[in-house]
Amino acid sequence: MVNSRIIKQRESLPIFHFRQEIIDAIKNENLLVIIGETGSGKTTQIPQYILESFEDCRLIGVTQPRRIAAITVANRVSEEHGTRLGSEVGYCIRFDDCTSAKTRLKYMTDGVLLREATLDPKLEHYDVIIIDEAHERTLETDVLFGLLKETHRLRPELKILVMSATLNVEKFSDFFNECPIFSIPGRTYEVAINHHRDAKIISLKSTYVQRAVDTTLYIHTHEPPGDILVFLTGQNEIEKSCRDLDNQARELNYRRDVQYYDEVRNLIVFPIYASLETMEQKAIFEDPPEGTRKVVFATNIAQTSVTIPGIKYVIDSGYVKQKSYDPSTGMDALLVVPISQAAATQRAGRAGRTAPGKAFRLYSRESFEQLEVDTVPEIQRSSLLGTVLSLKKMGIRDILHFEFIDPPDPMLVKNALKQLFLLEAIDEQGMLTPLGDEMCIFPLNPFLSRVLIASARQFGCSREVSTIVAMLSVEEIFITPRDEERLFEADERRKVFYHSSGDYMTLLQVFEGYRDSGYDRDWCRDRYLNHRALSMAKNVRDQLRELMERHGVSIISCRQKDNQDGDHRKKRSKQTYYETKKYDFTKILEAFSTSYFIHLAKRHPHRSVFYHYASANIHTSEMIDSNSSLLALHISPLSALHPENKIVKVDSLDWVIYHSILYTSKALMKVVSKVKLEWIEEKLKLFKKLETVDLGVDDNKKDKQEKEVDDESVDSIGKESNYIDEEEMKRKKLEAIEAARQRALNRRSLNPDN
DNA sequence: GAGCACTGC
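All figures in this text were calculated on a predicted structure; none of them were measured in a lab.

**Describing the overall build of chain A**
Okay, step 1: Each helix and strand counted, chain A has 27 helices and 21 strands in total.
Okay, step 2: For chain A, the proportion of its 754 residues judged to be buried stands at 53%.
Okay, step 3: The long-range share in chain A, meaning contacts at least 24 apart out of those at least 6 apart in sequence, stands at 74%.
Okay, step 4: For chain A, the exposed area adds up to about 34,500 Å²; of that, 49% sits on carbon and sulfur atoms.

**Side note on the protein's contact with DNA strand B**
Okay, step 1: The local shell around DNA strand B holds 34 residues, among which Arg67, Ala274, Thr664, Lys666 and Lys670 are the closest.
Okay, step 2: Taken together, the sugar and phosphate atoms account for 58% of what DNA strand B places within 4 Å of the protein.
Okay, step 3: Contacts to DNA strand B include lysine 666, whose side-chain N or O atom sits 2.4 Å from a phosphate oxygen.
Okay, step 4: Secondary-structure elements contributing two or more residues to the surface near DNA strand B are α5 (110-119), β14 (319-326) and α19 (484-495).
Okay, step 5: Take the surface near DNA strand B: its biggest share by element is three residues, from α5.
Okay, step 6: Its residues assigned to classes, the surface near DNA strand B shows 12 nonpolar, 11 polar and 11 charged.

**Notes on the sheet that holds strand β4 (residues 96-98)**
Okay, step 1: What the eight strands build is an open sheet, ordered β4-β3-β5-β2-β6-β7-β1-β8; its pairing is mixed. Looking at which strands have only one partner, the edges of the open sheet turn out to be β4 and β8 (181-184). Adjacent strand axes in the sheet meet at a mean angle of 20°, parallel and antiparallel pairs treated alike.
Okay, step 2: Pairing of strand β2 (residues 60-64) with strand β6 (residues 128-131) involves four bridges; the strand directions are parallel. Counterpart to isoleucine 60 in the pairing with β6 is valine 128.
Okay, step 3: Helix α4 (residues 67-81) rests against β2, β3 (89-93) and β5 (105-109) of the sheet, and its axis sits at about 170° to β3.
Okay, step 4: The strands touched by α5 within the sheet are β2, β3, β5 and β6, with β5 carrying the most contacts at an inclination of about 100°.

**Examining the environment of lysine 670**
Okay, step 1: With respect to the helices and strands, the residue lysine 670 is situated in strand β21 (residues 667-674).
Okay, step 2: Considered as a pair, lysine 670 and asparagine 236 are 434 residues apart in the sequence and their alpha carbons are 20 Å apart.
Okay, step 3: Those residues within four positions of lysine 670 in sequence are excluded, and the remaining contacts are Ser636, Tyr658, His659, Ser660 and Leu662.

**Quick look at the packing of aromatic side chains**
Okay, step 1: Scanning the entire structure with this criterion turns up 16 aromatic pairs.
Okay, step 2: Ring centres of phenylalanine 447 and tyrosine 596 lie 5.1 Å apart, and the angle between their planes is 40°; on these two criteria the pair is classed as tilted. Of the two residues, phenylalanine 447 sits in helix α17 (residues 446-457) while tyrosine 596 sits in helix α24 (residues 585-596), which places them 149 residues apart along the sequence. With respect to burial, phenylalanine 447 and tyrosine 596 carry one shared label: buried.
Okay, step 3: Aromatic side chains tyrosine 514 and tyrosine 519 sit 5.1 Å apart centroid to centroid with 75° between the ring planes, which places their arrangement in the edge-to-face category.
Okay, step 4: Looking at tyrosine 514, the relative accessible area reads 1%, which means it is buried.
Okay, step 5: An aromatic cluster of at least three residues, connected via ring pairs, comprises Phe145, Phe172, Phe175 and Phe176.

**What to know about the packing of helix α15 (residues 410-422) against helix α25 (residues 677-690)**
Packed helix pairs are specified by the crossing angle of their axes together with the interaxial distance, meaning the distance between the axes.
Okay, step 1: The N-to-C vectors of α15 and α25 enclose an angle of 140°; their axes lie 9 Å apart at closest approach. By the angle class used here, α15 and α25 are oblique. As α15 runs across α25, the sense of the crossing is right-handed. Contacts from Lys418, Phe421 and Leu422 in α15 reach Leu686, Phe687, Lys689 and Leu690 in α25.
Okay, step 2: Tallied by class, the residues present in the contact of α15 with α25 amount to five nonpolar, no polar and two charged.

**A word on α15**
Okay, step 1: For α15, which comprises 13 residues, the first-to-last C-alpha distance of 18 Å matches the rise-based estimate of 18 Å (1.5 Å per residue) to within 8%.
Okay, step 2: Of all 13 residues in α15, 10 are buried; the element is thus mostly enclosed.
Okay, step 3: For α15, every residue scored as buried is listed here: Leu412, Val413, Lys414, Asn415, Ala416, Leu417, Gln419, Leu420, Phe421 and Leu422.
Okay, step 4: Two to three positions downstream of the cap, the backbone nitrogen of methionine 411 sits 2.9 Å from a side-chain oxygen, assigning the N-cap of α15 to aspartate 409.
Okay, step 5: Just downstream of α15 lies glutamate 424, where phi reads positive at about 60°.

**Focus: the pattern of salt bridges**
Okay, step 1: The full count for this structure, using the stated rule, is 38 salt bridges.
Okay, step 2: A single network of salt bridges, built from pairs that share partners, joins Arg10, Arg19, Glu52, Arg76 and Glu80.

**Observations regarding helix α6 (residues 139-154)**
Okay, step 1: Taking 1.5 Å per residue, 16 residues should reach 22 Å; α6 reaches 23 Å between its end C-alpha atoms and fits that length.
Okay, step 2: The buried fraction of α6 is high, at 12 of 16 residues.
Okay, step 3: Restricting attention to buried positions, one finds in α6 the residues Leu139, Thr141, Asp142, Val143, Leu144, Phe145, Gly146, Leu147, Leu148, Lys149, Thr151 and His152.

Criteria and thresholds
Residues numbered from 1 in each chain as written. Chains lettered and ligands numbered in written order. Predicted model: local features only at pLDDT ≥ 70, side-chain atom pairs only at ≥ 80, totals over all residues. Heavy atoms only, no water. Helix = DSSP H or I, 4+ residues; strand = E, 2+ residues; numbered from the N terminus. Buried < 20%, exposed > 50% of the residue type's maximum accessible area, 1.4 Å probe, protein only. Contact = heavy atoms within 4.5 Å. Areas by Shrake-Rupley, 256 points an atom, 1.4 Å probe, with all protein chains shown as cover. Near = heavy atom within 4 Å. Polar contact = N/O pair within 3.5 Å; in protein donor to acceptor, adjacent residues only side chain to side chain. Nonpolar A, V, L, I, M, F, W, Y, C, P; charged D, E, K, R; others polar. Pairing = 2+ DSSP bridges. Axes fitted to C-alpha atoms, helices over the stretch in contact; angles between N-to-C directions. Phe/Tyr/Trp six-rings, centres within 6.5 Å; stacked < 30°, edge-to-face > 60°. Parallel < 35°, antiparallel > 145°, perpendicular 65-115°, else oblique. Left-handed = near helix turned anticlockwise from the far one by under 90°. Expected span 1.5 Å × (residues − 1). Salt bridge = Lys/Arg side-chain N within 4 Å of Asp/Glu carboxyl O.

Shown next, in the form of structure tokens:
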């Protein structure tokens, strides 16, 4: 039963005063936007108001961008509602469906709802859909917006609520037929913003780390007690800042240097970023000891995902490390770029959660005003491969004209269609093929779905491939420590797992070692393996195998009948963990080649760099096809095939396939394997075919013209040798990335979407 | 040869 304490608490929330108005608004409107700042209680209360006053409402779905939020909110609400979690109020995230036939209020991640929509585009089970945290503009949220607008046409009685924290929500209202906006006051404190007097943000790029440390020290010596949160961009600079600040703070003479020395006599410094091994440690989330000031150097993780209590001062570098996909090269670039005004406001807000605070921006007010108003939404800087496949599965034919709230560059859509054609998921007219339909079974990147199906149907190795595919679906497996001694040790320990064919097999060997250890955390720690990632991989593998069984995708092993099964461990060399003739690993690599022929690369004749090999000139062994084929690709230092790891001779590397490329200061191929060209030659014909099909998009003509221009310009530079000077390419690449970014930004500012 | 922001099915 609900006790009076809970009732009191609920009634003390600012939102309670608007209860009846909110209920009336929802009664009257089927499309509604609700603004409510953090702490208003909108996420927990509004769904309950609906539950309490709409008795014939069957099911309310509330989406969250993050799993942890879905769980904690559902917990809280089921308690307030006086029912057991999973009965009337539940949650659903990947690997954990905590709902039942009784459930009327379901918190879930936006990814779960999107996946449900591929099975049931009209979302018939729901009477109310609430998209929460809409301002975060995740890829999934944006796709749901487009779908829900269509659903509203088909099922106008479905109630659709969009909840957001920012004030710039006219856009949401405009998109949903200019629906009403309901605003709820928040419960945050005043944050005084201090801009740097004159520092231009652009000139800050090389100095913000040093300035951030200096500013932290300034606050420590001149401002009253209160913890400090510093926004930087990545692991390296965060670790460096922690060291620098620690050293400088040690030099302080508190009585002489520190203005509030009666209350501030010490400093404690923490790093926080997602890949931090010790993130679960509590100290960072606890109040520091009496007289000690806590400083946290953080990535963007502290902007939305993680809340550190007690922060009174925020220092904002003005920069963020952001991923963006370039369809012309198929590469993800991970670059440090200035943040948006919206992000700066959000960062500052972190100082006012529990009391009034102060924000120090390392850039001037003028610079702030020149920042983009909003962050470019994820959908405009991601590969749309999986999204386009899902939309096709839902029966949406014309994806180029799908109603996105902020449409992605048509290049992104066309690029996805081309890749889906190469994967044989769509046909020449852009229609979903039976294979494409089957690929939608798996919650995987379409490249990997295709490989998994091929491994079952053609190559008889789906047991092993399901493991490798799971390993490829999780975060980085290998831990790289910061201090040199441990770094060396980690490098050594990793070598045990390396397989001479490359990293797909290496990943299999890592997982098997993990399995044989009994999924042991200490086993991982001793080998510098990320236990969190490996246990996630186990979950994914189990889920994939369940889906395979359910959908008649057979699970077959390519393990060879080895006579003395127990013996292979004795026979293993010092260098490798398992490498024996245990598996017919060429089958596995052939299976991967069914997708990754698209990522075929050839080595430079004399060096250990590679070039993407486009099919058009495969028979002339010319490297020139388009810009993308000329960028020098480097093997990741973590790869078994990296020359320094001495698993293979560089000369023996000829053709490789890579799983992905990340561009930071240069293009790095991650997860690389040796292949034989004969496995792939047949598939390369698809590239030729690609030039003659329109995939349901009738403007291939224009594309071809653009392509010819590219060819010419490249050809004139590269006549001498088939290779372009690497520095030159690097510069061109950076220009291209910057130009693409500018295009994305311009499109947004020219097109405010009225 | 020296790396990788953050999520999610």
